Amino acid sequence: MKFQELKSLYELPFFELISESRKVHEVNWPKNEIQLCTLLSIKTGGCSEDCSYCAQSARYKSGVDAERLMPKCDILERAQAARKNGSTRFCMGAAWKGVRSGTKRFEEVLDIVRGVSELGMEVCTTLGELGPEEAKKLKEAGVTAYNHNIDTSPEHYPNIVSTHTFEDRLQTIRNVQDAGMSVCSGGILGLGETVDDRLKMIEILSNFNPPPESIPINKLMPMPGTPLAGADPVDTFDVARTIACARISVPKAKIRLSAGRTALSEEAQALCFFAGANSIFYGDKLLTANNPQTTQDLKLLNKLGISPQSPNPKMKSPKVNSEIPLAPQGV
Ligand code: SAM
Ligand code: DTB
Ligand code: SF4
């Protein structure tokens, strides 16, 4: 979808916008279900990158210590517990700039992925930058989807991160698409961006070929010690408007109301679900930050008459149209 179309949508009176997105949602997601994903930080802190929102960067005194890669047996235990709790996707995150084929740690990750995929859950990983070979190996090991966010517009990105570029992010996404994994890519609201930055981000995501399988929308959780610790909170209606635009422009994507739900009331979350969000991170912890308690989430879903989605570990990644570039070049 083009920026101008997104802008016209975003500027509609609120109820008109969410009625539009609700219509698109009901046609594409008629089942009134929500995907529950469990997140686990398998390697926390000590990251070389300087993403100014992130508590895991080694450059900031956020109080998050650098840890080693978790042992496989502990990870499998957590994945089994997540499955027992009704979660259908297990997403493993690592605070790395990226991974490289042939290294001991990458071999360890591949072994962990094989173990989790045998549990019958959808496996997602977010390990930073990937080259074509790493992407192929992760796919072969059983990764369903790879999370790599573009986070904001290309124009605003250099204000947030200096150790890698927006184009580097797109290159990894292209490698993921080429390897046949589904792409999970979205962004953060609350980085001091303008509405235009948010819409440019959605424009780029909606023009991916194939479109992203899931789109996480994070609301900045200001982390002590990071440059964005004192950032102004994003208004709930802006979160809902952004979700509505994402729903309309990528009708088949799972839109994940991701980090920041602890700062949203039940009513605010319900509004976001109405506007088109149909996936959440489920579990008391995100990577380093808190998430609502699982009992609280189940109560909310129950009150809203929404049921958890069943898993689809054999999910096929969408077909690539080879005549169109996978992700845009040189934006
Ligand atoms: N290192 C990998 C990377 O950068 O892709 C994976 C982990 S990284 C923490 C994954 C995503 O979490 C980021 O792209 C960002 O969208 C989100 N995130 C990180 N810290 C956040 C915060 N304080 N508030 C909201 N979202 C955050
Ligand atoms: C995503 O978009 N959000 C998740 C997941 N992908 C890896 C991470 C949220 C992190 C929130 C801050 C923290 O826990 O440190
Ligand atoms: Fe490292 Fe990812 Fe955090 Fe950036 S967002 S500092 S790459 S863990």
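Structural notes, computed from the coordinates.

Conventions adopted
Residues numbered from 1 in each chain as written. Chains lettered and ligands numbered in written order. Predicted model: local features only at pLDDT ≥ 70, side-chain atom pairs only at ≥ 80, totals over all residues. Heavy atoms only, no water. Phe/Tyr/Trp six-rings, centres within 6.5 Å; stacked < 30°, edge-to-face > 60°. Helix = DSSP H or I, 4+ residues; strand = E, 2+ residues; numbered from the N terminus. Lys NZ or Arg CZ within 6 Å of the ring centre and 35° of its normal. Buried < 20%, exposed > 50% of the residue type's maximum accessible area, 1.4 Å probe, protein only. Pairing = 2+ DSSP bridges. Right-handed = clockwise from strand over helix to strand, strands pointing away. Near = heavy atom within 4 Å. Nonpolar A, V, L, I, M, F, W, Y, C, P; charged D, E, K, R; others polar. Polar contact = N/O pair within 3.5 Å; in protein donor to acceptor, adjacent residues only side chain to side chain. Areas by Shrake-Rupley, 256 points an atom, 1.4 Å probe, with all protein chains shown as cover. Disulfide = S-S within 2.5 Å.

Taken as a whole, this structure holds three aromatic pairs when the rule is applied. Where Phe14 meets Phe237, the ring centres are 5.1 Å apart and the plane angle is 80 degrees; that geometry is what we call edge-to-face. A residue pair is termed long-range when its members are at least 10 positions apart, and Phe14 in helix H2 (residues 14–28) and Phe237 in helix H9 (residues 236–249) qualify at 223 residues. Every member of this aromatic cluster is reached through a ring pair, and the members are Phe14, Phe15 and Phe237. In this arrangement the basic side chain of Arg241 is found over the ring face of Tyr10, its NZ or CZ atom lying 5.9 Å from the centre.

Right, let's talk about the pairing of strand S1 (residues 33–43) for a bit. Counting buried residues along S1, 10 of its 11 residues qualify, which places the element largely inside the surrounding structure. Of the strand pairs in this sheet, S1 and strand S10 (residues 307–308) are connected by two bridges, and their pairing is parallel. Across the sheet, the residue bridging to Ile34 is Pro308, located in S10. One ladder, built from three bridges, connects S1 with strand S9 (residues 279–281); its direction is parallel. Bridging across to S9, Cys37 finds its partner in Phe281. Handedness of the S1-helix H3 (residues 72–84)-strand S2 (residues 89–94) crossover: right-handed.

A cis amide bond links Asn209 to the next residue, Pro210, at an omega of 0 degrees. The phi dihedral of Asn32 falls on the positive side, at around 60 degrees, and the residue is not glycine. Residue position: Asn32 is located in the loop between H2 and S1. Given a relative accessible area of 38%, Asn32 falls into the partly exposed group. With a phi close to 70 degrees, Asp151 is a non-glycine residue in the positive phi region. In this fold, Asp151 is placed in the loop between strand S4 (145–147) and helix H6 (157–160).

Contacts to ligand 3 come from Cys47, Glu49, Cys51, Tyr53, Cys54, Ser57 and Ala95. Its residues assigned to classes, the shell around ligand 3 comprises five nonpolar, one polar and one charged.

Taken together, Leu39, Thr126, Asn147, Asn149, Pro216, Asn218, Ala259, Phe281, Leu286, Leu287, Thr288 and Ala289 make up all the residues around ligand 2. Within the contact set of ligand 2, a nitrogen atom lies 3.1 Å away from a side-chain nitrogen or oxygen of Asn147. Within the contact set of ligand 2, an oxygen atom lies 2.8 Å away from a side-chain nitrogen or oxygen of Asn218. With the chains in place, 87% of the 400 Å² that ligand 2 exposes on its own is no longer accessible. Of the residues belonging to the shell around ligand 2, the class tally is seven nonpolar, five polar and no charged.

Moving on, we get to the environment of Glu267. Counting through the fold element by element, Glu267 comes out in helix H10 (residues 266–275). Along the primary structure Glu267 and Leu300 are separated by 33 residues, whereas in three dimensions their C-alpha atoms are 9.4 Å apart.

Our next topic: the state of the cysteines. Overall, the coordinates contain zero disulfides when judged by the stated rule. Unpaired in terms of disulfides, Cys124 finds its nearest cysteine sulfur in Cys91, a separation of 3.3 Å.

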